[in-house]
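# Fold and contact review
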There are 4 protein chains.
Amino acid sequence: MNQYKVRTDLVMENGEKYEKDNVEIPGVKIRKHYNKVKDLRTTWVKIETEHGAHLMEKPIGTYITMEAPSMTADDDDYHREISVELSRHLKKLLPAHPNSVLVVGLGNQEITPDALGPDVINNLHITRHLVREYGYAGPGTKGAPMISALVPGVMAQTGMETMEILQGVIAKTKPDSVIVIDALAARNTKRLNCTIQLTDTGISPGSGVGNYRCALTKETLGIPVIGIGIPTVVDAGTIVHDAVSNLLEALEESEIQEFLGEIISPSLMSMFVTPKDIDETIKRLSYTISEGINMTFSS
Amino acid sequence: MNQYKVRTDLVMENGEKYEKDNVEIPGVKIRKHYNKVKDLRTTWVKIETEHGAHLMEKPIGTYITMEAPSMTADDDDYHREISVELSRHLKKLLPAHPNSVLVVGLGNQEITPDALGPDVINNLHITRHLVREYGYAGPGTKGAPMISALVPGVMAQTGMETMEILQGVIAKTKPDSVIVIDALAARNTKRLNCTIQLTDTGISPGSGVGNYRCALTKETLGIPVIGIGIPTVVDAGTIVHDAVSNLLEALEESEIQEFLGEIISPSLMSMFVTPKDIDETIKRLSYTISEGINMTFSS
Amino acid sequence: MNQYKVRTDLVMENGEKYEKDNVEIPGVKIRKHYNKVKDLRTTWVKIETEHGAHLMEKPIGTYITMEAPSMTADDDDYHREISVELSRHLKKLLPAHPNSVLVVGLGNQEITPDALGPDVINNLHITRHLVREYGYAGPGTKGAPMISALVPGVMAQTGMETMEILQGVIAKTKPDSVIVIDALAARNTKRLNCTIQLTDTGISPGSGVGNYRCALTKETLGIPVIGIGIPTVVDAGTIVHDAVSNLLEALEESEIQEFLGEIISPSLMSMFVTPKDIDETIKRLSYTISEGINMTFSS
Amino acid sequence: MNQYKVRTDLVMENGEKYEKDNVEIPGVKIRKHYNKVKDLRTTWVKIETEHGAHLMEKPIGTYITMEAPSMTADDDDYHREISVELSRHLKKLLPAHPNSVLVVGLGNQEITPDALGPDVINNLHITRHLVREYGYAGPGTKGAPMISALVPGVMAQTGMETMEILQGVIAKTKPDSVIVIDALAARNTKRLNCTIQLTDTGISPGSGVGNYRCALTKETLGIPVIGIGIPTVVDAGTIVHDAVSNLLEALEESEIQEFLGEIISPSLMSMFVTPKDIDETIKRLSYTISEGINMTFSS
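Criteria and thresholds
- Residues numbered from 1 in each chain as written.
- Chains lettered and ligands numbered in written order.
- Predicted model: local features only at pLDDT ≥ 70, side-chain atom pairs only at ≥ 80, totals over all residues.
- Heavy atoms only, no water.
- Helix = DSSP H or I, 4+ residues; strand = E, 2+ residues; numbered from the N terminus.
- Buried < 20%, exposed > 50% of the residue type's maximum accessible area, 1.4 Å probe, protein only.
- Contact = heavy atoms within 4.5 Å.
- Areas by Shrake-Rupley, 256 points an atom, 1.4 Å probe, with all protein chains shown as cover.
- Patch = residues over 30% accessible without salt bridge, like charges linked within 9 Å, V, L, I, M, F, W, Y side chains within 5 Å.
- Salt bridge = Lys/Arg side-chain N within 4 Å of Asp/Glu carboxyl O.
- Lys, Arg positive; Asp, Glu negative; His and termini not counted.
- Charge placed at Lys NZ, Arg CZ, Asp CG, Glu CD.
- Least-squares fit on C-alpha atoms with pLDDT ≥ 70 in both.
- Buried area = accessible area lost by both parts, 1.4 Å probe.
- Polar contact = N/O pair within 3.5 Å; in protein donor to acceptor, adjacent residues only side chain to side chain.
- Nonpolar A, V, L, I, M, F, W, Y, C, P; charged D, E, K, R; others polar.
- Core = buried A, V, L, I, M, F, W, Y, C linked by side-chain atoms within 4.5 Å.
- Expected span 1.5 Å × (residues − 1).
- Phe/Tyr/Trp six-rings, centres within 6.5 Å; stacked < 30°, edge-to-face > 60°.
- Lys NZ or Arg CZ within 6 Å of the ring centre and 35° of its normal.
- Axes fitted to C-alpha atoms, helices over the stretch in contact; angles between N-to-C directions.
- Parallel < 35°, antiparallel > 145°, perpendicular 65-115°, else oblique.
- Left-handed = near helix turned anticlockwise from the far one by under 90°.
- Pairing = 2+ DSSP bridges.
- pLDDT = per-residue confidence, 0-100.

### Concerning the overall build of chain A
Of regular secondary structure, chain A possesses 11 helices and nine strands. Sorting the 299 residues of chain A into buried and exposed places 61% on the buried side. Across chain A, the fraction of contacts at a sequence separation of at least 24, relative to all contacts at a separation of at least 6, is 75%. By element, 50% of the accessible surface of chain A is carried by carbon and sulfur atoms, the whole surface being about 12,500 Å².

This is the structure we're talking about:
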C-alpha cells in the first residue's frame, strides 16, 4: 500500500500530533505565549536530543513560530509591529555582534507563491560594498554589520545546487552568518501567509514549492544559518488527506485504511494549493520581513 | 447540507457525466476525432437548444476542445503543429473576412497560472496602427484584418468591470469581432495545460483563477466574441471532492453523504491547485496560442 | 538648414528663455515660492491668452512645478512631505467634490524610464468596485470619491490610440475627472527625477519616451484632465545642442550657425538620455505620486 | 583642463583611430571579411604584444566583431543565421571538448538596456543538473558539455563584487570554462544593437551601463573566460564629444581646445543614451545569443 506522508515545514505542526494526547515529548521543550493586543501567538520549540529530533521530524535546534492571523490584512502599522517582533527574535538567534551577514532569497521568482525569498532581497538595505568602500554605510550605522545578499535561483535555471553556489560565495566573501529566506509548506491552510518561522537550524530539504535536495545548515555551509520562512502553500495531497481523514474518523477505520494510498494520486505530488490573492500577499509579506531584517542591522 | 458544486470551464467535462450512461443528450451534438500521429483528440460540442444548454451548464453555441497530452513537453515543432490546428479552428469560428479584430488578454499578470492571457498579447503581431498609418501592415499582408489588443487587468487593479472597459473600447475603435484569451479551471488535473477550448460563446462568468462577474459575449459586447482558453488550475475543492467520491463509491453512500458538505470547507473556495512547473508551462502555451492567432491573420 | 528644435514638457523651462531678458511675458502670470526647510521650489505658471500660449508653446491653463533636488535621495520621510504637497496642489486643480476619478498610467512598462505611469497605478488604492459593491470603500472613507485606474499600454502593444481607449472607457464608466500620469522629457539634466509638474491642461502630444499622437485633454476626453508628470529623460539631441551652444557663445556665432543642424543627426531623435540608476529612481518616484493621490482621496 | 576620455567596449572602434592614417599597428593583426549575402561584416583583431595592447587600450587576446545592420529588424530567419555564425566563432574560442561550461548573465534586469545578460540566461538550455542526475541531458546530447548558468546581479543588489561570487561558485562547481554575456557601450550610435563582440579575454572593467570594478578574466577566475557582448548604449558624454569634435574640425582648433573639458559636464558621466525601442531590441538580441550558445552545446 502506498502510504501518504503529510509534509509540513512548520515544526509546531509536527508538535501538534502529540498535543491531543497531552504527553510530554521527551527531548523537546515547548513554550507558548499569546499577546492579546497584537493577536500574536508565539511558540518556542527547542529540540534538544536526537530522540526529540526523530519524534519532531526536524533537526536539533531552536524554532520560533509567530502566528498572526491579522497579517493577511493590508495594514501597514500592524506589519510594522510584526517586523519589530521578527527583528527581536532574529537578534537572539544570530551570533552576538555579527560583522558580516549574507542574506539569501531562495525560490523561483517566476512562480508567485515561491517568490517570497527573492522579493525580500529587493527590499533589503545592502551595505557590504558601501562599508568596504567608505568604511561605513551611512549616518547612524556605526557598528552595524555589513549586509550582502544573493538570489541564487533554482536548479532548473542554474544547473547547480543552491548549496554549491552558497558554499562558493561564502568561501570567497567570508560572512560570519547566513540568513536564508524561503517560502514554506504548511499542512493547515489556516496558517498560510500569517505564520513566520525562525530557526537556527537553517533550511532542511524542503516540502515547499521548490525542492532543494541539499540542506543549508551550519554543517553544509560552515557558519551559523538562520532560516526565516512563511508558509505560502499547502501540498495538494495534504488537502485531500485531511478531508478523507475527517471522513474516516466518523466511520470505522479498519476496512478503508487501504483506500487512502490510492486516493492520493502521485500526480498530486507535483501540484500545490495556494490562495487566489497570493500575489498581493507575497508583496506585503516580503516587505515585512525585509523591514525586520533592515531594523536588525540598522544600529 | 452544504452541497459542493464541482465547477469546470470545459464543456466537454460537463458532457462526460452523461457518457457513462451512454445516453444521447437532447439538444446537444457531440463529435469526436482522434489524430494518432499528432496524439491530438478533438471534440466538437454543439449546444442547440436551451434544454441542451441547461443540461451542459454552458450557453448555446459551438465548442471545440483540443486535447494534446504532448503539449506539456517543450517541443517547438509539436507546438507549431498545435498552433496550425488552432488557427484552422479559429478561422471557422470567426466571421468570414473580418476587417478588424480586437484580441483581449484576460487575467492577472502577477499570478503565474492566470497570466496566460496577458502573455499571449505579448507575442501577438499588432497591426491596427500600421494599417491606419500606411494602409497595410507589411509585405504579404494585403487583405489581412487589422489587429488590436488590450490587457484590461483585473478589477482589484482597475476598479472597473472588464465588460465596461471592453464595451467602451469597442464603441470607440469598432472592431468587428473580439477574441478573448483566458486561463480556465478544469475538474480533472490530467487536462491541465494540455487542452485548448475554442468557443463562439465568448467567456461566461468563470471558475478560473480570476472571477469576472459579467459575461463577455455577443449579447454584452455587441459583436461576435470567440473565447480561447486553456485550463491551468483545478479548484482545491474539486480535488477533495473527487478523492472523497472515489472513497464513497467503495462504501455504501447513504449514511455518509452528509459529511461531504462539511469536508469541503469554504476556505478551499479561495484556493487553487496548480502544477509546480506552471511558470514554464505558461510561457510555452501563451506562445503557441499567439502563433496560432498570428497565423490566422497573416494572409 | 535643418534647425534643431529643443523640446521640453516642462512649461517652466519654456519660460526660462524669457527670464534672462527680464521681460514680462504678455498673457502669462508666473509666481515663485521657495521653501527653505524643505528645499522645495514651487513655480505657478498661468497661461491666460492664446498669445501667451504661443510664446510658452503650451496650451492655456495652470501649471504647477515642484522642484525638490533632495527627491533623488532615498529618504522616506522627505518623500512623504512631497506627497503631502503634491496632494495639496492636486486637490486645488481637481473639480470640487469629485464623485468618481479615473487615474491613467501612461507609458511602456518594459522601458525603465517610461514605466513611471504604470508603477504609480500599482501603488494606488482602487475603490470603485468596492464602493459599487458595498456602498463605501472601508472605514473612514465616507465622502471619498470612487477611484478606478487603467494602464492602457502603448500603441505598438495595442494597435489603438490611447485617446481611443480612454474615450471608450470614460463613456462607459462615467468618471467626472481623469488624472493622467506620465514620464516627461526635460531639457536640463539637473531637473531629471526631482521635478513634478501638475497641470489642468492634461497631456499634450509629447516629447517623452513614448509618443502619444493625440492629446488627452478636456476637449478630447470630455471631462477635466489633470496631468502629473516627472521628467525622467532628456532628448539625446538636446544634450548635444546645449553643449554646442555653450561653445558657440564663446565664439562668434555668425559663421558657424550652419553647422548646428548637421551636428545633431536625425538618428539622435530616436535616442534618449537617462541616468544609470533610473530603475530605483522610478520605483521611489512612483510611490511618492501614488501616495499623494491616495492621500487626496482618502477623506 | 579636464580631458574627456571617450570610452568604448568595442576593440574595433579603438582600432579605427589608426585607420585614417593607414598605419600598421605594431603588435596587432587585423583581418576583415564582408559577407554580402548576409550583409555581415566580420573583423578579427588579434592583439599579440603589450605594446599593441597599450595602443588598442584592450588586453592581449583575440576579438571577433560581427556587424550585421539587419539585426535591428524583427526577422527570425536572419537572427537564426546570426546565431549559427555566433556559434561557429564561439566553438573556436572555447577550449576543445569542454566538459562543463558556466554561462554568466551580467547586468541589471531592472534597467532595460542592461538586461541583455540576464535575458540570455532565460533562454538557455541548462543541463548540468540533468547530466549529473541521469548521465546525459536528453536524446542526441551525448558528448555535449554540462551547462550551468548564473545571474549574479549587480553590487547595489548583492553588496558583493561579481568577481567574488564567480570565484566562489567556480571553486565549488568546477566548470572548465566560463562564458560571460554583457551589454556593452559603443562610441558610435550606428553600431548599437547590431554588433556582437566575442573575445577570449573575458570582461574588462567596463564602460557599459553597469560598472564592474573587477575584471572577469582567466587571471581572476582561473579558467578560460569567453566574453560575448552587444553594445546597447552610448555614453552621453560621447555623443557630445563627437558633435563638438565635428564642429571643431571645421574651425581652427588651437583656441577652443580648452572648452571641450568644460562642455562635457561630469553629470553626463552618469547618463547613458539608448534607442527608444530598446525593450523589443533586447528581447530579440538575447534570444539570438541564447540560440547561438544552445547550438554550440547541443551536439
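### Brief notes about a negative patch on the surface
Residues and elements named next belong to chain A. On the surface, a cluster of negative charge is contributed by Asp 74, Asp 75, Asp 76, Asp 77, Glu 81, Asp 277 and Glu 280. Of all the elements, helix α3 (residues 76-93) adds the most residues to the negative patch, at three residues. By the secondary structure assignment, Glu 81 is in helix α3.

### What to know about the relation of the copies chain B and chain C
Its rotation angle being 180°, the transformation that places chain B on chain C also includes 0.0 Å of axial translation and leaves an RMSD of 0.0 Å. Expressed as an axis order, the relation between the two copies is that of a two-fold axis. Within chain B, Gly168(B) has its C-alpha nearest the rotation axis, a separation of 1.8 Å. The fraction of interface residues of chain B whose copies in chain C are also interface residues reaches 100%, indicating that both copies meet through the same surface.

### Focus on helix α4 (residues 116-123) of chain B
When you tally the buried positions in α4(B), you get six out of eight residues, the bulk of the element. Of the positions making up α4(B), those classed as buried are Leu116(B), Gly117(B), Pro118(B), Asp119(B), Val120(B) and Ile121(B).

### A short note on the pattern of salt bridges
The tally for this structure, following the rule as stated, stands at 32 salt bridges over all chains. Note that Glu85(A) and Arg88(A) form a salt bridge whose closest N and O atoms lie 3.0 Å from each other. You can see Glu85(A) and its partner Arg88(A) sitting in helix α3, three residues apart, about one turn around the helix. Its relative accessible area of 40% is what places Arg88(A) among the partly exposed residues. The partner of Glu85(C) in a salt bridge is Lys38(C), and the shortest N-O contact between them spans 3.5 Å. Here Lys38(C) lies in the loop between β1 (28-35) and β2 (40-47) and Glu85(C) lies in helix α3 (residues 76-93), a separation of 47 residues in the sequence.

### So, the interface of chain B and chain C
Opposite the 28 residues of chain B that make contact, chain C presents 28 residues. On the chain B side of the interface with chain C, the three residues burying the most area are Met160(B), Glu164(B) and Lys172(B), jointly 24% of the side's total. Counting every contact that joins chain B to chain C gives four salt bridges. The shortest N-O distance in the salt bridge between Glu164(B) and Arg128(C) comes to 2.8 Å. Summed over the shared surface of chain B and chain C, the result is 10 residue pairs in polar contact (both at pLDDT 80 or more). Tallied by class, the residues present in the side of chain B that touches chain C amount to 13 nonpolar, eight polar and seven charged.

### Regarding the nonpolar core
Among the nonpolar cores identified, the biggest contains 37 residues, and Ile179(C), Ile228(C) and Ile293(C) are the most heavily contacted of them. The dominant element in this core, judged by the number of residues it contributes, is α3(C), at five residues.

### Observations concerning helix α3 (residues 76-93) of chain D
Counting along an α-helix, one turn takes 3.6 residues, and residues three or four places apart therefore face a common direction. Look at α3(D): 26 Å from first C-alpha to last across 18 residues, which is about the 26 Å you get at 1.5 Å a residue. Among all positions of α3(D), only Tyr78(D), His79(D), Ile82(D), Ser83(D), Glu85(D), Leu86(D), Ser87(D), His89(D), Leu90(D) and Leu93(D) are buried.

### Some details on the environment of Asn122(A)
All names here are of chain A. In this fold, Asn 122 is placed in helix α4 (residues 116-123). For Asn 122, a relative accessible area of 52% gives the class exposed. For the pair Asn 122 and Val 154, spaced 32 residues apart in sequence, the C-alpha to C-alpha distance is 17 Å.

### Quick word on the packing of aromatic side chains
This structure, assessed with the given rule, holds zero aromatic pairs over all chains. The aromatic ring of Tyr34(D) is capped on one face by Arg41(D), whose charged end is 4.6 Å from the ring centroid.

### Some thoughts on the packing of helix α7 (residues 162-173) of chain A against helix α7 (residues 162-173) of chain D
Between two packed helices, both the angle of their axes relative to each other and the distance between the axes serve to describe the pair. At a minimum axis distance of 7 Å, the contact between α7(A) and α7(D) shows a crossing angle of 125°. With respect to α7(D), the element α7(A) is oriented oblique. Handedness of the α7(A)/α7(D) crossing: right-handed. Touching Glu164(A), Ile165(A), Gln167(A), Gly168(A), Val169(A), Lys172(A) and Thr173(A) of α7(A) are Glu164(D), Ile165(D), Gln167(D), Gly168(D), Val169(D), Lys172(D) and Thr173(D), all from α7(D). Taken together, the residues of the contact of α7(A) with α7(D) break down into four nonpolar, six polar and four charged.

### A short note on the pairing of strand β2 (residues 40-47) of chain B
Residue and element names in this part refer to chain B. Judged from the eight bridges that link them, strand β1 (residues 28-35) and β2 form a sheet pairing that is antiparallel. Looking at the pairing, Val 28 lines up with Ile 47 of β2. Linkage of β1 to β2, two consecutive antiparallel strands, is achieved through a turn of four residues, within which Asp 39 is found at a positive phi near 50°.

### Topic: the side chain of Asp114(C)
Mapped onto the elements of the fold, Asp114(C) is located in the loop between β4 (100-105) and α4 (116-122). Within polar-contact distance, the side chain of Asp114(C) engages the backbone nitrogen of Asn108(C) at 2.9 Å.

### Quick word on the environment of Val101(D)
Residue and element names in this part refer to chain D. When you line up the elements, Val 101 lands in strand β4 (residues 100-105). Residue Val 101 is classed as buried on the basis of its relative accessible area, which comes to 0%. Taking the C-alpha atoms as reference points, Val 101 and Lys 58, 43 residues apart in sequence, are found 25 Å from one another.

### Thoughts on unusual backbone geometry
One non-glycine residue, His97(A), lies in the positive phi region at around 50°. Checked against the element boundaries, His97(A) lands in the loop between α3 and β4 (100-105). With phi around 50°, Lys174(D) is a residue other than glycine that occupies positive phi space. Mapping Lys174(D) onto the fold places it in the loop between α7 and β6 (177-186). Taking the relative accessible area as the measure of exposure, Lys174(D) reaches 61% and is therefore exposed.

### What about the pairing of strand β5 (residues 146-150) of chain B?
For a regular strand, the rule is simple: side chains alternate between the two faces of the sheet. All names here are of chain B. For β5, the tally of buried residues reaches five of five residues, placing the bulk of the element in the interior. Judged by which residues are buried, β5 turns out to be covered on both faces: Met 146, Ser 148 and Leu 150 on one side and Ile 147 and Ala 149 on the other are all buried. As paired strands, strand β4 (residues 100-105) and β5 are joined by five bridges and run parallel to one another. Counted as the bridge partner of Ser 100 is Met 146 from β5.

### Some thoughts on the environment of Lys32(C)
Residues and elements named next belong to chain C. Assignment of secondary structure puts Lys 32 in strand β1. Separated by 79 residues in the primary sequence, Lys 32 and Ile 111 place their C-alpha atoms 34 Å from one another. Leaving out residues up to four positions away in the same chain, Lys 32 has contacts with Glu 19, Thr 42 and Thr 43.

### Describing the confidence of the model for chain A
This prediction gives chain A a mean pLDDT of 81; 81% of its residues lie at or above 70. Here helix α10 (residues 257-263) of chain A stands out as the least confident element of chain A, with mean pLDDT 53; strand β3 (residues 61-67) of chain A is the most confident, with 95.

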